[in-house]
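Next come the chains, spelled out residue by residue.
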2 protein chains.
Amino acid sequence: MRHVATESGLDIAPSAVARYHAAAEELADEARRIVRAALDRGFTTEAKPDHSPVTSVDRAVEDRWRELIGRWFPGHGVTGEEAPPSHPDSAFQWILDPIDGTEEFVRGIPTYGCMLALHHRGAPVVGVIEHPGLDLRVTAAIGRGAYRNGARVRLPAEPPAGRREALRLVLSARVNFVRHVDEGHLFEALTRTYPNHRIYRAAYAHTVVVTGAADVMVDVQNHIWDVAPSRVLVEEAGGRFELVRDVTAPDGDRILSAVFGQPRLVGEVAALFTAPGPAPR
Amino acid sequence: MRHVATESGLDIAPSAVARYHAAAEELADEARRIVRAALDRGFTTEAKPDHSPVTSVDRAVEDRWRELIGRWFPGHGVTGEEAPPSHPDSAFQWILDPIDGTEEFVRGIPTYGCMLALHHRGAPVVGVIEHPGLDLRVTAAIGRGAYRNGARVRLPAEPPAGRREALRLVLSARVNFVRHVDEGHLFEALTRTYPNHRIYRAAYAHTVVVTGAADVMVDVQNHIWDVAPSRVLVEEAGGRFELVRDVTAPDGDRILSAVFGQPRLVGEVAALFTAPGPAPR
């Protein structure tokens, strides 16, 4: 078996990738179990300093993930939404968003998801999005392909034919476009150019594009844990991933925007991010 | 038991409303059975003249609904998306959208829904939205309350407190806002004013607002079967429904736009539809 070379210069044995992939699946199984038990038994919710909600379930999933990763891969680093990083200098980093879309989870909207990824010096090795409320999971590992509930996913090589309305764009809500930098004009440009769009405000937005149920996702002004699994997921499905923004916010947070999906469409959508903005009024 | 008076001047016995409500639940059961069998066994898809998809499942559900309504209520009229009306002069009209969100259904996105309503001279008596892919159904009948999977739904009397971002708007995609009349400026106004929004492009958009999982829905330039159940659903849940557009398109179709949801918010959202449009450029 040939070794897989990552962009980060890692020459990694397929058996090692398989082991990381299997570990990520087990972490997703744990998340599914914890979330479903909480849906039966109830959970508590509080507001974080940025006004976004966090629940006892977010914390329970992240704690369990950190415990298992620490046991299985004691040298690996962990970056997660709900606790400080551990081993920040390790080449291998697990990046965790225990519940992406907590606002949806709290309201009973099943588009939330548990997102996790393993990166090596910033290059993705494994990515998983688990949707406990939809009986749905997507996983991928470098050189091993992308899977939807265990079935191989291959995005179509050609974009949808015909009218502009045939193209299905998924994007962030406008609140994201003005969260750190005012890029509201990009929301207007995207929704005018691609009028057949969806806005889910949660991990499911990524999953529909990774599985080809929509064509392109535009995820704007988010943190690393909101997009960490998506690059390997979409690339292993035969799609393309472009990081269109990578900036440091005034509070020191790293803020990312990404365009990904059907390989022939990502370039034209990403081009809107390099076009000049509107003239000042 | 007191009779229920509809806006249309019908003085109707509670037992009759209960019978219509039970019939609508049975129709939803049939739809769930047909859709789930089709998901197991497969179905065919073709494009309608307006380029939107229709499947063998849309037709099977509407045929079955028409057969049962014809047997149970032979004098009632039926208006449906996929076949010509029957008994168009009857005071009672069943209004059917066998699969709202066929584009989602075909792609495996579970936000599609089977929508049906009974109206009396235009006033709603019963409304149902069944989501076979989400184990979710909302039903309501005039004077009998609104229900989510059999549990009574009551919308909060007060809107969410705090920042503007706490308010959750669901709206049509921009393609709807320019479908018959160019009201693209309203899409811009709504998404700027309420930046925490979702766009599902299917029946689930109504269900999240009827159940209080989001605050207000703005459904733009649609047909009667796309909004027929929503008024009685939201009003029986304690919410408010405003028809903000009711026009005849050049092709003779009746085109409706509606704002509905949390009672204290509907007025302010609907007011955007009476504000002057942008100055011509």
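Residues numbered from 1 in each chain as written. Chains lettered and ligands numbered in written order. Predicted model: local features only at pLDDT ≥ 70, side-chain atom pairs only at ≥ 80, totals over all residues. Heavy atoms only, no water.

(A) Looking closely at the sheet that holds strand β13 (residues 197–198) of chain A. Residue and element names in this part refer to chain A. One open sheet accounts for five strands, arranged β13-β12-β14-β16-β15; its pairing is mixed. Of all the strands in the sheet, the pair left with one neighbour each is β13 and β15 (240–248). Across three bridges, strand β12 (residues 169–171) lies against strand β14 (residues 216–222) in parallel orientation. Bridge pairing links Leu 171 to Val 218 in β14. Along the sheet, helix α9 (residues 263–270) makes contact with β12, β14, β15 and β16 (254–261), crossing β15 at roughly 30°. (Pairing = 2+ DSSP bridges. Helix = DSSP H or I, 4+ residues; strand = E, 2+ residues; numbered from the N terminus. Contact = heavy atoms within 4.5 Å. Axes fitted to C-alpha atoms, helices over the stretch in contact; angles between N-to-C directions.)

(B) Broad picture of the pattern of salt bridges. Residues and elements named next belong to chain B. Evaluation of the coordinates by the stated rule reveals 50 salt bridges over all chains. Residue Glu 30 pairs with Arg 64 through a salt bridge whose shortest N-O separation is 2.5 Å. With Glu 30 in helix α1 (residues 14–41) and Arg 64 in helix α2 (residues 56–72), the pair connects residues that are 34 residues apart, well separated along the chain. By relative accessible area, Glu 30 is classed as buried at 15%. With a relative accessible area of 23%, Arg 64 lands in the partly exposed category. (Salt bridge = Lys/Arg side-chain N within 4 Å of Asp/Glu carboxyl O. Buried < 20%, exposed > 50% of the residue type's maximum accessible area, 1.4 Å probe, protein only.)

(C) Region of the structure containing the packing of α1 of chain B against α2 of chain B. Residues and elements named next belong to chain B. Contact pair α1 / α2: the axes reach a minimum separation of 10 Å and the direction vectors enclose 150°. For the element pair α1 / α2, the angle class is roughly antiparallel. The way α1 lies across α2 gives a crossing that is right-handed. In this structure, α1 uses Arg 19, Ala 23, Glu 26, Leu 27, Ala 28, Glu 30, Ala 31, Arg 33, Ile 34, Val 35 and Ala 38 to contact α2, whose residues at the interface are Val 57, Ala 60, Val 61, Arg 64, Trp 65, Leu 68, Ile 69 and Trp 72. Each residue belonging to the contact of α1 with α2 can be placed in one class, and the counts come to 14 nonpolar, no polar and five charged. (Parallel < 35°, antiparallel > 145°, perpendicular 65-115°, else oblique. Left-handed = near helix turned anticlockwise from the far one by under 90°. Nonpolar A, V, L, I, M, F, W, Y, C, P; charged D, E, K, R; others polar.)

(D) Representation of the interface of chain A and chain B. Each partner contributes to the interface: chain A provides 35 residues, whereas chain B provides 34 residues. Taken together, both faces of the contact between chain A and chain B bury some 2,900 Å²; the carbon and sulfur share is 50%. Taken together, chain A and chain B are joined by 10 salt bridges. Taking the shortest distance from any N to any O, the salt bridge between Glu 188 of chain A and Arg 192 of chain B comes out at 3.1 Å. (Buried area = accessible area lost by both parts, 1.4 Å probe.)

(E) The pairing of strand β14 (residues 216–222) of chain B, seen in detail. Residues and elements named next belong to chain B. Within β14, seven of the seven residues are buried, which leaves the element mostly enclosed by the surrounding structure. Pairing between β14 and strand β16 (residues 254–261): five bridges, direction antiparallel. By the bridge assignment for β16, Met 217 is matched with Phe 260.

(F) Quick look at the relation of the copies chain A and chain B. Of the two same-sequence chains, chain A is brought onto chain B (RMSD 0.0 Å, axial shift 0.0 Å) by a rotation of 180°. Look at the turn and shift together and you get a two-fold axis relating the two. Taking C-alpha positions as the reference, the residue of chain A nearest the rotation axis is Ile 199 of chain A, at 2.3 Å. When the interface residues of chain A are mapped onto chain B, 97% of them again fall at the interface, so both copies present the same face. (Least-squares fit on C-alpha atoms with pLDDT ≥ 70 in both.)

(G) Region of interest: the environment of Pro 53 of chain B. Residue and element names in this part refer to chain B. Along the chain, Pro 53 falls in strand β4 (residues 53–55). Along the backbone, Pro 53 and Pro 98 are 45 residues apart, and their C-alpha atoms lie at a distance of 13 Å. Ignoring any residue separated from it by four or fewer positions in sequence, one finds Pro 53 in contact with Thr 45, Glu 46, Ala 47, Lys 48, Thr 102 and Glu 103.

(H) Main features of the side chain of Asp 219 of chain A. When you line up the elements, Asp 219 of chain A lands in strand β14. Side chain to side chain, Asp 219 of chain A and Ser 172 of chain A meet in a polar contact 3.1 Å long. (Polar contact = N/O pair within 3.5 Å; in protein donor to acceptor, adjacent residues only side chain to side chain.)

(I) Structural detail: the sheet that holds strand β9 (residues 136–141) of chain B. All names here are of chain B. Taken in spatial order, the seven strands make up an open sheet running β5-β6-β7-β8-β9-β10-β11, and their pairing is mixed. Each edge of the open sheet carries a strand with a single partner, namely β5 (77–80) and β11 (151–153). Going across the sheet, the axis of each strand differs from the next one's by a mean of 20°, ignoring polarity. Where β9 and strand β10 (residues 145–148) come together, four bridges link them in antiparallel fashion. Bridge pairing links Val 138 to Arg 148 in β10.

(J) Layout of the packing of aromatic side chains. Residues and elements named next belong to chain A. This structure, assessed with the given rule, holds 19 aromatic pairs over all chains. Ring geometry for Trp 72 and Phe 73: centres 6.5 Å apart, planes at 80°, overall edge-to-face. Residue classification places Trp 72 among the partly exposed positions, given a relative accessible area of 24%. Owing to a relative accessible area of 6%, Phe 73 belongs among the buried residues under this scheme. In this structure an aromatic cluster arises from ring pairing among Tyr 20, Trp 72, Phe 73, Phe 92 and Trp 94. (Phe/Tyr/Trp six-rings, centres within 6.5 Å; stacked < 30°, edge-to-face > 60°.)

Geometric values such as these leave the question of function open.
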